[in-house]
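So you can see what is in the structure, the chains are spelled out below.
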Amino acid sequence: MHEKMYTVGELSRLSGATIRTIQYYDKIDLLKANRDVKGNIRYYSKKDLMTLQQILFYKRLGFSLKEIKTNLVNFEDVSDIKNILKNQEDILFQQEMDIKLRMTIIQSVNSVLETDPNQDLEPFMELVLGLNKQTILDYANVEFNQDTEELFNDKYDDYNEIIEIYWQWKQLILEAASYKLNNTDDNHQIKFQFGKKWNDFINSVTAEDPDAVAVFEKGLEDSDKWPKEDLFLYNFSNDFIEDAHNYYLKKDDEHD
């Protein structure tokens, strides 16, 4: 019994890939077609369909066609494939953090302009140009003391939650840096509004949970171990943050 063969049109319908894409894969020897005697018509086997599905799967994960051809298609060593996928996962995570940084910068600028439309953004832009998109990844190399590690592990079992808290913190730090660069220490409206944001952030992170407060305070105690960029931004902005937060708390108490 002859093996079922598919035309390029049938393979396109079954896989979702365009005919032009399949023809291109044939041209670059990534998915070689069988041809009729005259060489005019392409035919593909069931194995070719499975290979095409692999190609589309790996391409969806961000692999280049060269990487797919060299390392992945028809590769039988499962452990090697797992290592290749892990490396790709690391690359995609780095790209995600790069996007997070850009979004954080945009959100910081928007927050600043909503609070003070006349804010001079030039000093802030100069600061942003020097930011390292990989700073968050440097925390993997930070060796906090055992107490701090245990507090974090007990409080946060989801690493993504810590990452989200980090980006909220980074946005506020950058916003505070912009106010500091513009010498807005005496602007009570800005201090009050930012102080409220910082207070809301602390409350959302700690939720008046003693364990969460301990984690937050322990992280600050170990700030000398942070990556240089975050340590610089924190030290530069901290006096404004504390002043704004205390001002907000004072006014909030007076209002009560």
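I will try to describe carefully the structure that is included in this document. Since the model is a prediction, treat every value here as computed from it, not as a measurement.

Quick word on the nonpolar core
- Residues Trp 169, Phe 194, Trp 198 and Phe 201 are the most contacted members of the largest nonpolar core, which totals 37 residues.
- Counting residues per element, the ones that place at least two in this core are α5 (78-115), α6 (122-129), α9 (159-181), α10 (188-206) and α12 (228-255).
- It is α9 that provides the largest number of residues to this core, a total of 11 residues.
- The contacts of Phe 201, once residues within four sequence positions are left out, are Ile 165, Gln 168, Trp 169, Leu 172 and Phe 216.

Thoughts on the packing of α9 against α10
- Where α9 contacts α10, the axes come no closer than 11 Å and their chain directions differ by 165 degrees. Between α9 and α10, the angle is such that the two are roughly antiparallel. The two elements α9 and α10 meet at a crossing, and its hand is left-handed. Across the interface between the two elements, Ile 165, Gln 168, Trp 169, Leu 172, Ile 173, Glu 175, Ala 176 and Tyr 179 from α9 touch Ile 190, Phe 194, Lys 197, Trp 198, Phe 201, Ser 204 and Val 205 from α10.
- Looking at side-chain class alone, the contact of α9 with α10 contains 11 nonpolar, two polar and two charged residues.

The rules behind each value
- Residues numbered from 1 in each chain as written.
- Predicted model: local features only at pLDDT ≥ 70, side-chain atom pairs only at ≥ 80, totals over all residues.
- Heavy atoms only, no water.
- Core = buried A, V, L, I, M, F, W, Y, C linked by side-chain atoms within 4.5 Å.
- Buried < 20%, exposed > 50% of the residue type's maximum accessible area, 1.4 Å probe, protein only.
- Helix = DSSP H or I, 4+ residues; strand = E, 2+ residues; numbered from the N terminus.
- Contact = heavy atoms within 4.5 Å.
- Axes fitted to C-alpha atoms, helices over the stretch in contact; angles between N-to-C directions.
- Parallel < 35°, antiparallel > 145°, perpendicular 65-115°, else oblique.
- Left-handed = near helix turned anticlockwise from the far one by under 90°.
- Nonpolar A, V, L, I, M, F, W, Y, C, P; charged D, E, K, R; others polar.

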